[in-house]
Amino acid sequence: MKLSIIIPVYNGQKYLKTTVDSILGQSLTDYEIILVNDGSTDNSFEICNQLSDAHNHIKVFSKENEGVSVARNYGVEKAEGEWITFVDADDGVIDNSLDNIDEYLLSDVDLVLFKYSSSLDAAYTDSGEKHSISPSLLRKCVFDYATQYANLRAQGYYVDNYNNWACWGKLYRKSLIIDNNVRFPQGITHGEDLAFIYAYYSFAKNIIAVDKTVYFYRTDNVSVTRRFNPKRLINTEKLYEAMYALININKEDLNAYYIFVLNRLFACCYLYFADRGNNDSLADRTSELKQFCDNEYIKSAFEYFDGIKRFSTGTKTNIFMKLVLEALKKERFSTAIFISGIYNKV
């Protein structure tokens, strides 16, 4: 079998059929859709079975709820395709975008990157051209998106609508995943894609980016990246640890990793400590931020290099990030929360 399309499903009844129909409407023939019901409490499992009864390409598996990482890993184990791709249960595939997909699934290719869109009505002017991209450069992009993607743009690559943090929108060679035990880390509820992608980049030798919009990313709901999450801090600490375990301990990789640590620290400031959904008092949030900054990876990021200068460019995000990091480095935690609150409003 050529392609396995893995869809983890948890309480996805609203869009699940639409998502699957977007795949069934393609011109694919040698493929399977693997629906992994992750302990849904709505009608998702029933919808999965209805779809499977109606279409021979669909296989359904059901398990207790353990999170999207375990569900995706489970799907990988059940997949029979030579290639694997992931689709979220509330997203989809652009009409006719997978036509002629075989021309990209070459014997010497390990990963294919496609573009994505948040609009089904866009007038796509994709050329279909493909370019090889260095795996080491993409590993740096995981940690330092702005700088490294600017480098790619300067080299003429089509990168503006690629998502280097998400597992979707890509075609992976299954044998590379299995042979190198590349898996989504358990216990991380946001950012789990990063560890999987970074590990996969470490083993991939030939990666191509195609100027073709394939994946539809639905944005009508509040993104999990923006929604207040009371578990954000412990999740971030686990992600710090998981990503550190994957890097090569050299100056170049450490530099990129610590930029990543500081980026995530800033995200915690405005998405957690300064978020309107956080009802704790300022005194409690200040105390918690102080404790969070005692994390060994955060302390090392500040000690390893003067990372604050890295964020001095003139974008709004970088200006606020620089101000917040400067406050944190001086242990002015309430000031950092105040500045992050302003960032949320502008």
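Here the structure is a predicted model, which is why all the values come from computation and not from measurement.

1. Quick word on a nonpolar patch on the surface
Reasoning step 1: A cluster of nonpolar side chains, contributed by Phe338, Ile342 and Val346, occupies part of the molecular surface with about 300 Å² of accessible area.
Reasoning step 2: Take Phe338: it is sitting in helix 14 (residues 333-345).

2. What to know about the pattern of salt bridges
Reasoning step 1: Overall, the coordinates contain 15 salt bridges when judged by the stated rule.
Reasoning step 2: Among the ionic pairs, Asp88 bridges to Arg72, the shortest N-O distance being 3.1 Å. Within this pair, whereas Asp88 is found in the loop between strand 4 (83-86) and strand 5 (92-93), its partner Arg72 is found in helix 3 (residues 68-78), the two being separated by 16 residues in sequence. Across the pair, Arg72 and Asp88 agree in class, each one buried.
Reasoning step 3: Between Asp211 and Lys115 there is a salt bridge, with its nearest N and O atoms 2.7 Å apart. Of the two residues, Asp211 sits in strand 9 (residues 207-216) while Lys115 sits in strand 6 (residues 111-117), which places them 96 residues apart along the sequence.
Reasoning step 4: Bridged by salt links that share partners, the residues Lys2, Glu82, Asp110 and Arg173 form one connected network.

3. Looking at the nonpolar core
One recurring pattern in soluble globular proteins is that nonpolar side chains are buried together.
Reasoning step 1: Met243, Tyr257, Leu265 and Leu328 are the most contacted members of the largest nonpolar core, which totals 73 residues.
Reasoning step 2: Here Leu328 is in contact with Leu265, Cys269, Leu289, Cys293, Phe302, Phe333 and Ala336, once residues within four sequence places are set aside.
Reasoning step 3: Leu3, Cys48, Ile58 and Phe114 belong to the second-largest nonpolar core, a separate cluster that totals 34 residues.

About the thresholds
- Residues numbered from 1 in each chain as written.
- Predicted model: local features only at pLDDT ≥ 70, side-chain atom pairs only at ≥ 80, totals over all residues.
- Heavy atoms only, no water.
- Patch = residues over 30% accessible without salt bridge, like charges linked within 9 Å, V, L, I, M, F, W, Y side chains within 5 Å.
- Areas by Shrake-Rupley, 256 points an atom, 1.4 Å probe, with all protein chains shown as cover.
- Salt bridge = Lys/Arg side-chain N within 4 Å of Asp/Glu carboxyl O.
- Helix = DSSP H or I, 4+ residues; strand = E, 2+ residues; numbered from the N terminus.
- Buried < 20%, exposed > 50% of the residue type's maximum accessible area, 1.4 Å probe, protein only.
- Core = buried A, V, L, I, M, F, W, Y, C linked by side-chain atoms within 4.5 Å.
- Contact = heavy atoms within 4.5 Å.

That's the geometry; what it means functionally is another story.
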